[in-house]
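# Observations on the three-dimensional arrangement
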Amino acid sequence: MEEIKVDINPDYTMMKKQENGLFLSQEQVDILEENNIDYKKCKSLSELIYLIEMYINDENQDVLNNLLDILQERNYYQNYK
């Protein structure tokens, strides 16, 4: 049986408070920056989710769609009773 090695980097995946008050991991920031989504101007997860939804088009953007799903779920649990 072949052993699978996985690098775990908590500094890359741990949520950190950004200048605008949102909690995002460096991984999420990198994804947003790669797609030219200006997350820094967002004051809430809802605003960021809206920006991502406006950016996504019919192309295959699995990474961005996955990020959108994660942020939508977090927004739901943080902001709805």
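Notes on the structure in this doc start here. Keep in mind it's a predicted model, so treat the numbers as computed, not measured.

Definitions and limits used
- Residues numbered from 1 in each chain as written.
- Predicted model: local features only at pLDDT ≥ 70, side-chain atom pairs only at ≥ 80, totals over all residues.
- Heavy atoms only, no water.
- Buried < 20%, exposed > 50% of the residue type's maximum accessible area, 1.4 Å probe, protein only.
- Helix = DSSP H or I, 4+ residues; strand = E, 2+ residues; numbered from the N terminus.
- Arc of directions from axis to C-beta.
- Contact = heavy atoms within 4.5 Å.
- Core = buried A, V, L, I, M, F, W, Y, C linked by side-chain atoms within 4.5 Å.
- Patch = residues over 30% accessible without salt bridge, like charges linked within 9 Å, V, L, I, M, F, W, Y side chains within 5 Å.
- Areas by Shrake-Rupley, 256 points an atom, 1.4 Å probe, with all protein chains shown as cover.
- Salt bridge = Lys/Arg side-chain N within 4 Å of Asp/Glu carboxyl O.

### Topic: helix 3 (residues 45-55)
Within helix 3, burial applies to Leu-45, Leu-48, Ile-49 and Ile-52. The arc that holds every buried residue of helix 3, seen down its axis, measures 100 degrees, which confines them to one face. Packed against the buried residues of helix 3 are strand 2 (23-24), helix 2 (26-34) and helix 4 (62-79).

### Description of the nonpolar core
By size, the foremost hydrophobic cluster in this structure holds 17 residues, and its most contacted members are Leu-24, Leu-32, Leu-48, Ile-52, Leu-64, Leu-67 and Leu-71. Those elements that provide at least two residues to this core are helix 2, helix 3 and helix 4. The residues touching Ile-52, leaving out its near neighbours within four places in the chain, are Leu-32, Ile-37, Leu-64, Leu-67, Leu-68 and Leu-71.

### With respect to a nonpolar patch on the surface
Nonpolar side chains collect at one region of the surface, where Ile-4, Val-6 and Ile-8 lie side by side and expose about 390 Å² of accessible area between them. Positionally, Val-6 belongs in the segment before helix 1 (10-13).

### Side note on the side chain of Gln-61
Note on placement: Gln-61 falls in the loop between helix 3 and helix 4. Residue Gln-61 is classed as buried on the basis of its relative accessible area, which comes to 12%. With residues up to four places along the chain from it excluded, the contact list for Gln-61 reads Tyr-55 and Ile-56.

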